[in-house]
Amino acid sequence: MFGNFKLIYPAPLSEPIRSRDSNAFLMVTLRNSGLDLNNDFGIGRKMWRVFSYIYNMVILPVSFPINYMVHLAEFPPELLLQSLQLCLNTWCFSLKFFVLIMHMHRLEWANKHLDKLDEYCVKPGEKRKIRDMVAAVTRLNLTFFVVYGFYATSALVDGLLHHRVPYNTYYPFINWRVDRTQLYIQSFVEYITVGFAIYVATATDSYPVIYVAALRTHILLLKDRIMYLGDSSNEGSTDPSYMFKSLVDCIKAHRTMINFCDAIQPIISGTIFAQFVICGSILGITMINMLLFADQSTRFGIVTYVMAVLLQTFPLCFYCNAIVDDCNELADALFHSSWWVQDKRYQRIVIQFLQKLQQPLTFTAMNIFNINLATNINVAKFAFTVYAIASGMNLNERYNIQE
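Residues numbered from 1 in each chain as written. Predicted model: local features only at pLDDT ≥ 70, side-chain atom pairs only at ≥ 80, totals over all residues. Heavy atoms only, no water.

**A look at the overall build of the chain**
- Looking only at helices and strands, the chain features 12 helices and 2 strands.
- Put simply, the chain runs from its N terminus to its C terminus through helices and strands in the order α-α-α-α-α-α-α-α-α-α-β-β-α-α.
- With respect to the three principal axes, the spread of C-alpha positions in the chain is 85 × 55 × 30 Å.
- Taking all 403 residues of the chain together, 52% fall into the buried category.
- Across the chain, every contact between residues at least 6 apart in sequence was considered, and the portion connecting residues at least 24 apart equals 79%.
- If you sum the accessible surface of the chain, you get close to 19000 Å²; carbon and sulfur atoms cover 64% of it. (Helix = DSSP H or I, 4+ residues; strand = E, 2+ residues; numbered from the N terminus. Buried < 20%, exposed > 50% of the residue type's maximum accessible area, 1.4 Å probe, protein only. Contact = heavy atoms within 4.5 Å. Areas by Shrake-Rupley, 256 points an atom, 1.4 Å probe, with all protein chains shown as cover.)

**Overview of the side chain of Ser52**
- Assignment of secondary structure puts Ser52 in helix 2 (residues 43-71).
- The exposure class of Ser52 is buried, given its relative accessible area of 0%.
- Within the structure, Ser52 has its side chain in polar contact with the backbone oxygen of Ser33 (distance 2.6 Å).
- Those residues in contact with Ser52 that sit more than four places away from it in its chain are Ser33, Phe97 and Phe196. (Polar contact = N/O pair within 3.5 Å; in protein donor to acceptor, adjacent residues only side chain to side chain.)

**Structural notes on the environment of Cys250**
- By the secondary structure assignment, Cys250 is in helix 7 (residues 240-293).
- Of the residues examined, Cys250 reaches a relative accessible area of 3% and is grouped as buried.
- Residues Cys250 and Arg225 lie 25 residues apart in sequence; the distance between their C-alpha atoms is 7.3 Å.
- When sequence neighbours within four positions are dropped, the list of residues in contact with Cys250 reads Leu222, Arg225, Ile226, Leu229 and Phe353.

**Side note on the packing of helix 3 (residues 77-102) against helix 6 (residues 180-229)**
- At a closest axis distance of 10 Å, the pairing of helix 3 and helix 6 adopts a crossing angle of 65°. Like other packed secondary-structure pairs, helix 3 and helix 6 cross with a definite hand, here left-handed. Mapping the contact onto sequence places Phe93, Lys96, Phe97 and Leu100 in helix 3 and Ala197, Val200, Ala201, Thr204, Asp205 and Tyr207 in helix 6.
- Residues of the contact of helix 3 with helix 6, tallied by class, amount to 7 nonpolar, 1 polar and 2 charged. (Axes fitted to C-alpha atoms, helices over the stretch in contact; angles between N-to-C directions. Left-handed = near helix turned anticlockwise from the far one by under 90°. Nonpolar A, V, L, I, M, F, W, Y, C, P; charged D, E, K, R; others polar.)

**Considering the nonpolar core**
- Counting 113 residues, the largest nonpolar core has Leu107, Ile268, Phe363 and Ile371 as its most contacted members.
- Other than its neighbours up to four places away in sequence, Ile371 contacts Ile268, Ile272, Phe276, Leu316, Cys317, Cys320, Asn321, Phe363, Thr364 and Ala365. (Core = buried A, V, L, I, M, F, W, Y, C linked by side-chain atoms within 4.5 Å.)

**Here's the deal with the pattern of salt bridges**
- Using the criterion set out here, one finds 11 salt bridges in the structure.
- When the shortest N-O distance is used, the salt bridge between Glu126 and Arg225 registers 3.1 Å. On the criterion of sequence distance, the pair formed by Glu126 in helix 5 (residues 124-161) and Arg225 in helix 6 is long-range, its members being 99 residues apart. The burial state of Glu126 is the same as that of Arg225; both residues are buried.
- Two residues, Arg164 and Asp158, come together in a salt bridge whose shortest N-O distance is 3.3 Å. Comparing Arg164 with Asp158 shows no difference in burial state: the two are buried.
- One continuous salt-bridge network, built from bridges that share partners, spans Arg18, Arg20, Glu108 and Asp115. (Salt bridge = Lys/Arg side-chain N within 4 Å of Asp/Glu carboxyl O.)

**Topic: the packing of aromatic side chains**
- Under the defined criterion, the tally for this structure stands at 15 aromatic pairs.
- Relative to Phe196, the ring of Trp48 lies with its centre 5.2 Å away and its plane at 70°, an arrangement referred to as edge-to-face. With a gap of 148 residues between them, Trp48 in helix 2 and Phe196 in helix 6 connect regions that are remote in the sequence.
- Of the residues examined, Trp48 reaches a relative accessible area of 35% and is grouped as partly exposed.
- Looking at Phe196, the relative accessible area reads 14%, which means it is buried.
- Taken together, a centroid distance of 5.1 Å and an interplanar angle of 55° make the contact between Tyr151 and Tyr305 tilted. Placement of Tyr151 in helix 5 and of Tyr305 in helix 8 (residues 296-311) is noted, with a sequence separation of 154 residues between them.
- Residue classification places Tyr305 among the buried residues on the basis of a relative accessible area of 2%.
- The ring of Tyr228 carries the charged tip of Lys123 above its face, separated from the ring centre by 3.4 Å. (Phe/Tyr/Trp six-rings, centres within 6.5 Å; stacked < 30°, edge-to-face > 60°. Lys NZ or Arg CZ within 6 Å of the ring centre and 35° of its normal.)

**Observations concerning the packing of helix 1 (residues 24-32) against helix 6**
- Between helix 1 and helix 6, the least distance of the axes is 9 Å, while the angle of their chain directions is 140°. Considering the angle they form, helix 1 stands oblique to helix 6. Crossing angle aside, the handedness with which helix 1 passes helix 6 is left-handed. Contact residues: Leu26, Met27, Val28, Thr29, Leu30 and Asn32 in helix 1; Phe196, Tyr199, Thr202, Ala203, Ser206, Tyr207, Ile210 and Tyr211 in helix 6. (Parallel < 35°, antiparallel > 145°, perpendicular 65-115°, else oblique.)

**What to know about the environment of Phe51**
- Looking at where Phe51 falls in the secondary structure, it is placed in helix 2.
- Residue Phe51 is classed as partly exposed on the basis of its relative accessible area, which comes to 40%.
- Sequence separation between Phe51 and Ser33 is 18 residues; the distance between their C-alpha atoms is 9.6 Å.

**Here's the deal with a nonpolar patch on the surface**
- On the surface, Val50, Ile54, Val58, Ile59 and Val62 cluster together into a nonpolar patch covering about 390 Å² of accessible area.
- Structurally, Val62 can be placed in helix 2. (Patch = residues over 30% accessible without salt bridge, like charges linked within 9 Å, V, L, I, M, F, W, Y side chains within 5 Å.)

Here it is, written out as structure tokens:
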């Protein structure tokens, strides 16, 4: 894993780098979480996989409702809201974890399509852009680790400062309310176990934007190659066979991009749909807690949590939105190339290719709504709606009266 840190800097052309290297950290995380079934040898690895599956999909999501049933009367409102937002996110995480289990093979399909796209990048400038993309996506992946790790640690520190556990999960033989020793024990156990789930969540939340960002780079490279078809400085511009081969290579690259989307779309569709459904409620509950109940020190932990939640949707929506614009520019680039000076066969293929390029590559959430910035804004609007409803009910005043 530590050898992958060199990928945060663009590698020289003398070093072999592939587009799939952009998800090197992701694959390490999947392997450590028991999701990667490749090289599955040894009883220890199988036992670890069983533990990971049971904890992430059963024990962790169930521990929150059990804790509410057992200790609901002992929850102050700010602690209940803080636990509820984490509970909803945990249920969504468990669903995304299950979807990844069912579709892990599609990630390898996507990597193979990236390898095919690399074959069309033969110029030094194209290879240099691939290396820049690998470095940028690797840094983006590490951003997930930093933000999620910062939230996990800040929740622990905030809990100890307020004499409570950081995540409020249920452990049958530990009750942190009894004495300080059990508080420290449960805080340490939660930090390790829930921290493991947060570590796995960096993979379940970052893989869509990692693959989509790599796809966008190849779309931009394809646009440059299409524009180069009509460039008079092209050394083969006077050779009809060379021009036709270059056009066919662009068509094959575009076909590979479509196959890439077909491979990755089902897995992204299920996970991001669950994330969109839950995200608005989580942000709404977070706003209620931060503005109505939480004190100054607790608000700092809430802000770090909001950063983690926004990181789950905004980067992906940004890249999906950008890909639609880039695909529209592909059609414009082909139309403005010097196709009219070529032979009839070339012109006929260009017209067919132009019709195909007018259908942009889009990603949808369960075929219900498109993944783009407009959808992300609507999710944020829903969060404000949840807060407005709670604010109109005067929950903080009612709680003070009851106290």
